[in-house]
Amino acid sequence: MSVGARFNIQHTLNKPVYGILILLFVTLFVYYPVLNAHLLHFDDLGMVQELSNPYQPPSIKDFFLSGTHSRYYRPLLLSSFVLDHYIWQQQAAGYHLTNYLLHAANALLLFFILSRLTVKFNFDNKLLPLGGSLLFALHPLTCESVAWVSGRTDVLAAFFCLSAFLFYQHNSRTGAAICLLLGLLSKESALSIIPVIALADFWIRRWEGKKIKQAIFSSLSWIITLSAPLLIYLYLRTGGVFSVDTGVKEALSNKIIIDKPVGNIGYYLNAAISYCARLLSAGSFYIKKLFIPFPLNFAIYKIDNRLYLLLSALIMLPAVYMALKKNSTILGWTALLVAGFFPGLFVATSEMAWMPFAERYLYLACAVWAAFMVFSGQWLITRFPLNGKKITVYIFTALILLWGTTTSLRISTWHDDSRLWTAAYRSSPASGKIMYKYGMTLIGTGRRKAGLKIIKDSLKIIRDGKWRAYALITLGNEAMSVHDFTAAGQRYQKALKADDGYFTQSALAAFYAGLPALTPADLKKNTDRAVSHYIAAYKLKNDPNFLFQAAKLLIKNNQNAAKKLYREIIDKHPTSQEAAFASQTLYYWGQQHGT
C-alpha cells in the first residue's frame, strides 16, 4: 500500500463520524447472535412471567417507593423490564434487543469520553479512542451482562455511570449527579463512579499543574456533589428511615466475623487480617481477569487465595516504588481499576451471592481498563518514536481480533439453559450447586436418569442449607412420582431440617396433600399437616396461592375455615387471581344456602 493510500485511510478514520460508524457496526455485528437467544429459567423466565400476570400487574410506583429493606432495590431496572413487556410481551428477542442496544450505547459513550481525554492530554494518535472503545465493546467479560437478560442491571448502571463521567468532563455537576442517581436505581454498583470521578479529577488537576492541595479540594468537591444523589438513593431505598437493610448487611458480613467470640482481641485481629487478605486476593483476581480473562466461567465460586494474594503483592510493589519515585502513574491506574469494581469486592468476601466472582461484576471496570490501554498506547508511541505506533497498532489489532472471536463464541453459551449449565458444569465440576443446576437441566431435556444421579451426587458436596433443600425436594418429587411415599417423606423431612423456607414448606404441604389415606382419620391428619405447612409458607412469603391451596384442602371437612382463608385472600390480595376465584366460590356457596 502506498504512503498516499495509508494517509488517506488514516485521514478518513480520524473523522469522528467514521469512528462512530465503525464502532457501532463491529459491536452490533459481533453481538448480533444474542437476538436469537432464549429466555433462561435462571431469573429471566420467572421475571417475565411475573410481569405478565394480569391479576397482579407490576406497579412502577411501588418499585420506587416500597421501602421494603430487601436485598435488591433496582426500580429503574424493573421499570425497563416492564417497558419491554409492554412492547414485546414474552418475545425473548425484544428483551435481548434492549441489552444489545444499551451495550452499543455504552461503547459509544466511552468513545466520546476517550476522545475528550485524548484531546485533553494532547495525544497524537486520533485512532486511540476508537481502539479503546472496541476493546471495551468486545471484551469477553462484557458478554455475560449483554447476553443474559437479567444481566441488564450491569449494562444499565454502566450506561448512567459513563453518562455521569461525560457530564463531569463538561463540568456539569447537576448532570453527573442525576446520572449517578439513575445508575444507583439500576444497580448498587453504580457507586463505583464516585471514586472513579474523584481519582480522575485529581489526576487531571495534577496534570494541569495544580498543587496537591488544590487537586485534593477539587476531588473532594466532586465527592460532596455526588454524595447528594447517594443520600437520595438511600432515602428511597429505605423508605425514608436510612436503616441498614438486608442487602447492606449481607455485603458487609462474612463467616469469620459473624460468629466472633467476645473479649478476644487476638481473634478480632486475626479476623481483620484474614478479611483484608481475602479482599486483596479478590482485587488481584479481578485485575488479572481484566487483562487475561481466560478461562471464562459463568459460575466462579472460589479462587486460589494464596496465588492471588501473591499476585496482589506483585501488583503493589511496583506501585509503591513508583509512588516513592514521585511517579504515581501505576498507582493511579491501579486505584482507578479497583474503583471500577470495588462494590464487587464486598460480594466476593461475603455470603451475599452463590457466584461471588461473577464476570459481570467487571462490566464497568472493562471501560476503565480500555482507558488504561489507550494511555498505554500513547506511552508506547511517545516512548518509542520510531516503532511505537506500529507496536500499538499490532497490540490493539491482535486484542480486538482475539476479544471479538472469543466473545462471538461465548455468546453461544448463553443461547439456552442446556448450553449454559453444561458449560458451567464442565468449568466447575466440583461445585455442588452447579451440579444441582446441571442435573435439573438434564432432567428438563429428557435425560432424567442422568440428571437424578448428578443431583444425588451433589448432596455429597453441597453445604448450603437452601441448596441442599432444593436437591432433596427434587429427589422427593421423583420418589412421589413412582409412589415411593416412604422415601419421599424422608427426603422432604431432611429438606425441612436443611432449610425451613417457604419453598420447603410448600413442598411438604403438597406431599401431605398427595398422600393416600386409608381411613377418614388419616385423611384429616394429612390435611391438617398440609394446611399447616401452607400457612407456614404464606407467613414466609406473602403469596396468596399458599392460602388458596390450604383453603381448597379444607373445603370438604372444614368449610368455615376455608371461608375464613378465602376472605383473608380477598382482603389482603384483592387484585390477585386467587381473590377472583375465592370471590366466585363464596358467591356460589351463598347462592346454595340462600345468603
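Residues numbered from 1 in each chain as written. Predicted model: local features only at pLDDT ≥ 70, side-chain atom pairs only at ≥ 80, totals over all residues. Heavy atoms only, no water.

**Student:** For the overall build of the chain, give the residues involved together with the corresponding values.
**Tutor:** Broken down by element type, the chain carries 29 helices and zero strands. Along the first, second and third principal axes, the C-alpha atoms of the chain reach 95 × 55 × 50 Å. The buried share of the chain, reckoned over its 595 residues, is 48%. When contacts within the chain are restricted to residue pairs at least 6 apart in sequence, those whose partners lie at least 24 apart make up 69%. Charged side chains in the chain number 59 positive and 31 negative. The centres of these two groups are separated by 8 Å. (Helix = DSSP H or I, 4+ residues; strand = E, 2+ residues; numbered from the N terminus. Buried < 20%, exposed > 50% of the residue type's maximum accessible area, 1.4 Å probe, protein only. Contact = heavy atoms within 4.5 Å. Lys, Arg positive; Asp, Glu negative; His and termini not counted. Charge placed at Lys NZ, Arg CZ, Asp CG, Glu CD.)

**Student:** If you had to explain the packing of helix α6 (residues 92–120) against helix α9 (residues 152–169) to someone new, which residues and values would you point to?
**Tutor:** Viewed as axis vectors pointing N to C, α6 and α9 meet at an angle of 25°, and their least axial separation amounts to 9 Å. It follows that α6 is roughly parallel to α9 by the angle criterion. As α6 packs across α9, the resulting crossing turns out to be left-handed. Note on element contacts: α9 touches α6 through Arg152, Val155, Leu156, Ala158, Phe159, Leu162, Ser163, Phe165, Leu166 and Gln169, opposite Tyr95, Thr98, Asn99, Leu102, His103, Ala105, Asn106, Leu109, Phe112, Ile113, Arg116 and Leu117. (Axes fitted to C-alpha atoms, helices over the stretch in contact; angles between N-to-C directions. Parallel < 35°, antiparallel > 145°, perpendicular 65-115°, else oblique. Left-handed = near helix turned anticlockwise from the far one by under 90°.)

**Student:** For empty space enclosed by the protein, give the residues involved together with the corresponding values.
**Tutor:** Applying the stated criterion to the full structure yields one cavity of 30 Å³ or more. Of all the secondary-structure elements, those providing two or more residues to the lining of the largest cavity are α6, α9, α11 (193–207), α17 (329–348) and α18 (363–383). Looking at the lining of the largest cavity residue by residue, the classes come out as 19 nonpolar, no polar and no charged. (1 Å grid on protein atoms, 1.4 Å probe; cavity = no way out; pocket = protein on both sides within 12 Å on 5 of 7 lines; lining within 4 Å. Points joined across faces, edges and corners; volume = space filled by probe spheres on them. Nonpolar A, V, L, I, M, F, W, Y, C, P; charged D, E, K, R; others polar.)

**Student:** Could you give me a rundown of the confidence of the model for the chain, with the residues and numbers involved?
**Tutor:** Mean pLDDT for the chain: 88, with 91% of residues reaching 70 or above. Below a pLDDT of 50 lies the segment residues 1–5, which in the model reaches two contacts outside its immediate sequence neighbourhood of four places, other chains included. In the model, residues 255–260 has pLDDT below 50 throughout and makes 10 contacts with residues more than four positions away in sequence or in other chains. (pLDDT = per-residue confidence, 0-100.)

**Student:** I'd love a proper account of unusual backbone geometry, names of residues and values included.
**Tutor:** Residue Pro295 is reached from Phe294 by a cis peptide bond, and omega for that bond is -5°. Positive phi, normally seen in glycine, also occurs at Asp43, with a value near 85°. Position of Asp43 among the secondary structure elements: in the loop between α2 (16–31) and α3 (44–51). Using a relative accessible area of 42% as the deciding quantity, one classes Asp43 as partly exposed. Not every positive phi belongs to a glycine, and Asn171 is a case in point at roughly 60°. With respect to the helices and strands, Asn171 occurs in the loop between α9 and α10 (173–184).

**Student:** Residues and numbers for the pattern of salt bridges, please.
**Tutor:** Scanning the entire structure with this criterion turns up 16 salt bridges. Linking Arg237 and Glu188 is a salt bridge whose minimum nitrogen-to-oxygen distance equals 3.5 Å. With Arg237 in helix α12 (residues 212–237) and Glu188 in the loop between α10 and α11, the pair connects residues that are 49 residues apart, well separated along the chain. Arg237 gets classed as buried once you look at its relative accessible area, which sits at 6%. Assessed through its relative accessible area of 21%, Glu188 is described here as partly exposed. Its salt-bridge partner being Asp457, residue Lys453 comes within 3.2 Å of it at the nearest N-O pair. Of this pair, Lys453 and Asp457 both sit in helix α22 (residues 448–458), separated by four residues, roughly a single helical turn. Under the relative-accessibility criterion, Lys453 is labelled exposed at 53%. Here the salt bridges share partners, and the residues they tie into one network are Lys120, Asp201, Arg205 and Glu208. (Salt bridge = Lys/Arg side-chain N within 4 Å of Asp/Glu carboxyl O.)

**Student:** Now, about the state of the cysteines: what can you tell me, with residues and values included?
**Tutor:** Within the structure shown, the criterion is met by zero disulfides. Unpaired in terms of disulfides, Cys179 finds its nearest cysteine sulfur in Cys161, a separation of 9.2 Å. Cys366 takes part in no disulfide bond, and the closest cysteine sulfur, belonging to Cys143, lies 11 Å away. On the basis of relative accessibility, which here comes to 0%, the residue Cys366 falls in the buried class. (Disulfide = S-S within 2.5 Å.)

**Student:** I'd like a description of helix α27 (residues 544–554), backed by residues and values.
**Tutor:** Because an α-helix packs 3.6 residues into every turn, residues spaced three or four apart end up facing the same way. Every buried residue of α27 is listed here: Pro544, Phe546, Leu547, Phe548, Ala550, Ala551 and Leu554. For α27, the N-terminal cap is Asp543; the gap from its side-chain oxygen to the backbone nitrogen of Asn545 is 3.0 Å. (Polar contact = N/O pair within 3.5 Å; in protein donor to acceptor, adjacent residues only side chain to side chain.)

**Student:** Break down the nonpolar core for me, with residues and values.
**Tutor:** Counting 136 residues, the largest nonpolar core has Tyr286, Leu290 and Phe298 as the members making the most contacts within it. Among the elements that line this core, the one with the most residues is α18, at 14 residues. In this structure, Leu290 is in contact with His139, Leu141, Leu337, Phe341, Leu362, Ala365, Cys366, Trp369 and Trp403, ignoring residues within four places of it in sequence. Core analysis: the next-biggest nonpolar cluster, separate from the first, contains 19 residues, Leu547, Phe548, Ala562 and Tyr566 among them. (Core = buried A, V, L, I, M, F, W, Y, C linked by side-chain atoms within 4.5 Å.)

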